[in-house]
Amino acid sequence: MWEKIQPAPPDSILGLTEQFKNDPNPHKVNLGVGVYKDDAGGTPILGAVKKAEKLLLAKETTKSYLPISGDPGYSRAVQKLVLGESNDAFTASRAVTIHAPGGTGALKVGADLMKKFTPDATVWVSSPTWANHNGIFGDAGFGIKSYSYYNPESKGLDLDNLLADLGKIPAGDIVVLHTCCHNPSGVDLDSAGWDAVVSLAEQQGWVPFLDFAYQGFGEGVEEDRYAVEQFSAAGIDFLVASSFSKNFGLYNERTGALTVVCPEADQAVVAMSHVKTVIRTNYSNPPAHGGLVATLILEDEELRQLWLNELAQMRVRIKDMRRALVKGLADCGVPGDFSFIEQQRGMFSFSGLSDDVVKWLRAEKSIFVVGGGRINLAGLTTGNVEHVCQCIAEAVQAVG
């Protein structure tokens, strides 16, 4: 069957991780894959998660299927976190939430749902965007176009062109928006920018689809949901794909959620009925463990506070690495002003490194960076940041 079929190309990020694993260099550094690392270079299990798992195992009595939409307690906990406990979408039951296998699964369920009812819509993604957005919505059968977002010259947001592009998108199309900690650029809209985007969504009638994979990695869980709150206040239809991979460290538990927000509660009931039909033909029921762990943490005040403290520590460490990288590049004499890296948010940065520099770093120093120069700041540690900066200086000098 496969004799005359060419192999599919490796994933640009996960394939890089395979190369990293196979590299024998003891000084290798992985700045590619979007996984949080502590200062020892490991991906820890949070203390709140460990405590919640112990409680869960003590009281668990069955491994039976969850409902198609997942545990109801999980859905409530997600809505309180993503929307806010006082949000009208939550209090008036205008939102429905399902437990999806990771943020990717949430995007896929949402894409398939929208394809059923808006088959001729175009999906608009930021330029640039997370590469898998193109794969997910493309495989769902949508045509995909991009809107302006990042300005490579200023290393910041291209706000004027962003708003101009969004103002031309027709009603019924779908616009994918990074709620915070934009992947791959690290450049976010401020509150005024979001207000303008929400106003355009109301005027134009396109459907916002928010990718909320990094809540808490920007400024805090409440601050980072500003865009969600504003879209909700507008009373329009929109979707939110959220994930607990990063902020709970539940990577291999594939714990995510899709929230569909509607203008009225009765419409939300209809939406849920169709979301369930999409899930039934995809995976039938979600995995239980990660969602139940997250629910325990979010509903227990002591565990929630422990989690918020641990999340703050992760956020602060990433900001520390941003500062260390900027200082290290300056100390090593790398030409250019890299202060923009400190202004970005979340795990990622468009570093400004050319593809030639990226290739040289990989081949000569076993430092793995995604093409285009996107780096994961969490891959830096106090033990390797000076080495990385020295290697970047060598690379810039070598390739010109």
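Residues numbered from 1 in each chain as written. Predicted model: local features only at pLDDT ≥ 70, side-chain atom pairs only at ≥ 80, totals over all residues. Heavy atoms only, no water.

Caption draft 1: Representation of the environment of Asp 190. Following the sequence through the fold, Asp 190 ends up in the loop between β7 (174–178) and α8 (191–204). Sequence-wise, Asp 190 and Gly 15 are 175 residues apart; in three dimensions their C-alpha atoms are separated by 34 Å. A polar side-chain atom of Asp 190 sits 2.8 Å from the main-chain amide nitrogen of Gly 193. (Helix = DSSP H or I, 4+ residues; strand = E, 2+ residues; numbered from the N terminus. Polar contact = N/O pair within 3.5 Å; in protein donor to acceptor, adjacent residues only side chain to side chain.)

Caption draft 2: Layout of unusual backbone geometry. For the bond running from Ser 127 to Pro 128, omega is 5°, close enough to zero to count as cis. When you line up the elements, Pro 128 lands in the loop between β3 (122–127) and α6 (131–139). The peptide bond linking Asn 183 to Pro 184 adopts the cis configuration, its omega dihedral lying at 25°. The backbone phi angle of Lys 155 is positive, close to 60°, even though this residue is not glycine.

Caption draft 3: Region of the structure containing the packing of aromatic side chains. Evaluation of the coordinates by the stated rule reveals 12 aromatic pairs. Measuring from ring centre to ring centre gives 6.4 Å for Phe 137 and Phe 142, while their planes differ by 55°; the resulting arrangement is tilted. A single burial state applies to Phe 137 and to Phe 142, both of which are buried. Taking the centre distance of 6.1 Å and the plane angle of 35° together, the rings of Phe 338 and Phe 340 count as tilted. Each member of the pair, Phe 338 as well as Phe 340, carries the same accessibility label: buried. Through a chain of ring-to-ring contacts, three or more aromatic side chains come together here, namely Tyr 74, Phe 244, Phe 248 and Trp 307. The ring of Phe 20 has Lys 28 sitting right over it, with the charged end atom 4.7 Å from the ring centre. (Phe/Tyr/Trp six-rings, centres within 6.5 Å; stacked < 30°, edge-to-face > 60°. Buried < 20%, exposed > 50% of the residue type's maximum accessible area, 1.4 Å probe, protein only. Lys NZ or Arg CZ within 6 Å of the ring centre and 35° of its normal.)

Caption draft 4: View of the sheet that holds strand β2 (residues 95–101). Judged by pairing direction, the sheet is mixed, and its 7 strands sit side by side in the order β2-β10-β9-β8-β7-β3-β4 without closing on themselves. The outermost strands of the open sheet, each flanked by one partner alone, are β2 and β4 (143–148). The mean angle between the axes of side-by-side strands here comes to 25°, regardless of whether they run parallel or antiparallel. For β7 and strand β8 (residues 207–212), the ladder comprises 5 bridges, and the chain directions are parallel. Its bridge partner lying in β8, His 178 is registered against Asp 211. Sitting on the sheet, α6 touches β3, β4, β7 and β8, and the angle it makes with β4 is about 145°. Those strands touched by helix α10 (residues 265–280) are β2 and β10 (255–261), and its axis lies near 15° from that of β2. (Pairing = 2+ DSSP bridges. Axes fitted to C-alpha atoms, helices over the stretch in contact; angles between N-to-C directions. Contact = heavy atoms within 4.5 Å.)

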